[in-house]
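Chain residues, written in single-letter form:
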Amino acid sequence: LFPSAHMVGSVMALVEDEYKRYVYTSDFSWPLLHFPENVDILVVDATYGNPAYQRNYDEKTVVERLIEIVLEKLLEGPLIISGHRGRVQYAAALLSTYTKHPFLVSRSIRKTLPTYARQQGIVLDSLHDFDCNEGRLILQRKNTFLGFVETRDRHEMLHMADYPRILLSAYMVPGQEPVLAHPSGLTRIALTDHADFRGTLNLIEAIAPRQVITDASRGGDGECLADYVRRELK
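All values reported here derive from a predicted model rather than from experimental measurement. (Residues numbered from 1 in each chain as written. Predicted model: local features only at pLDDT ≥ 70, side-chain atom pairs only at ≥ 80, totals over all residues. Heavy atoms only, no water.)

Caption draft 1: Just the overall build of the protein, in detail. Helices and strands together make up the secondary structure of the protein, namely seven helices and 12 strands. Oriented by its inertia axes, the alpha-carbon framework of the protein measures out at about 65 × 35 × 30 Å. Within the span of the protein, comprising 234 residues, buried residues form 47% of the whole. Long-range pairs, those at least 24 residues apart, make up 67% of the contacts in the protein with a sequence separation of at least 6. Put simply, the protein shows about 12,600 Å² of open surface, and 50% of that area lies on carbon and sulfur atoms. Here the protein carries 26 positive and 30 negative side-chain charges, and the mean point of each set is 4 Å from the other. (Helix = DSSP H or I, 4+ residues; strand = E, 2+ residues; numbered from the N terminus. Buried < 20%, exposed > 50% of the residue type's maximum accessible area, 1.4 Å probe, protein only. Contact = heavy atoms within 4.5 Å. Areas by Shrake-Rupley, 256 points an atom, 1.4 Å probe, with all protein chains shown as cover. Lys, Arg positive; Asp, Glu negative; His and termini not counted. Charge placed at Lys NZ, Arg CZ, Asp CG, Glu CD.)

Structure follows, in structure tokens:
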């Protein structure tokens, strides 16, 4: 197993039999410090398998913009941050060093965030469920808080619909600018835990397998990536 830097515990699997060495990437970020070598068949995730999905900014820029926007919005009142699990975990741990406002979290985030924090050596103070006594009291008093909701937690998402929200996703965010603000009050910030198109190619080139199979089973552009690899990487 090789760490894939997608979220805590995520890995690439290397499977070897008497004939060949196979690697399945699953979701991955780039760059990686360690990756498999001498690979016969690489099954690579094609979530960002289209050349249009290239980001012309680095993660440091995205993180700086996230912190800046969150602190600005907290001056106006409560704020909800939503996204997939790994991104929300990372954002909560990061922002815990920049604000002392209470954190309200959805059920899925509550199950995993403390484990993430322990793995990263981070202490999270003032962490409450939306539905616990402390959380309900914060809502009733209309105190400023920072909420973290996993996108699959529909109940909390509907309950928090009236609050300004930041969505952590590179989807639909322009490649030149990591922030996209909507008139509705939603702000998309391209904090992602997945390599873009160029990162995907870099991974393929670094592993240098004899054969590539592009995997679009969870969405993505498998055919587009396969055509590009066949044409450009030969």
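Next comes the rest of the write-up.
Caption draft 2: Main features of the packing of aromatic side chains. Counted by the stated rule, this structure contains six aromatic pairs. Here the aromatic rings of tryptophan 30 and phenylalanine 35 are separated by 6.1 Å at their centres, their planes lie at 40°, and the arrangement is tilted. An angle of 70° between the planes, with centres 5.4 Å apart, marks the rings of phenylalanine 145 and tyrosine 163 as edge-to-face. With phenylalanine 145 in the loop between helix H4 (133–140) and strand S8 (146–150) and tyrosine 163 in the loop between helix H5 (154–159) and strand S9 (165–168), the pair connects residues that are 18 residues apart, well separated along the chain. Cluster of aromatic residues (ring-pair linked, three or more members): Phe130, Phe145 and Tyr163. Taking the ring centre of tyrosine 48 as reference, the NZ or CZ of arginine 55 above it sits at 5.5 Å. (Phe/Tyr/Trp six-rings, centres within 6.5 Å; stacked < 30°, edge-to-face > 60°. Lys NZ or Arg CZ within 6 Å of the ring centre and 35° of its normal.)

Caption draft 3: Region of interest: the sheet that holds S8. Within the open sheet, the seven strands sit side by side as S7-S6-S8-S5-S9-S11-S10. Their pairing is mixed. Edge positions in the open sheet fall to strand S7 (127–129) and strand S10 (179–181), since each of these has one partner strand only. Strand-to-strand twist in this sheet, taken as the mean axis angle between neighbours without regard to direction, amounts to 25°. Judged from the three bridges that link them, strand S6 (residues 103–105) and S8 form a sheet pairing that is parallel. When the bridges of S8 are listed, leucine 104 appears paired with glycine 147. Helix-sheet contacts for H4 involve S6 and S7, and the interaxial angle to S7 is about 90°. (Pairing = 2+ DSSP bridges. Axes fitted to C-alpha atoms, helices over the stretch in contact; angles between N-to-C directions.)

Caption draft 4: Representation of the pairing of strand S4 (residues 41–45) in the model. Of all five residues that make up S4, four are buried, and the element is covered over most of its length. Of the strand pairs in this sheet, strand S3 (residues 21–24) and S4 are connected by three bridges, and their pairing is parallel. When the sheet's bridge partners are listed, tyrosine 24 is paired in S4 with valine 43. With five bridges joining them, S4 and strand S12 (residues 211–215) adopt parallel strand pairing. Opposite isoleucine 41, over in S12, you have glutamine 211 as the bridge partner.

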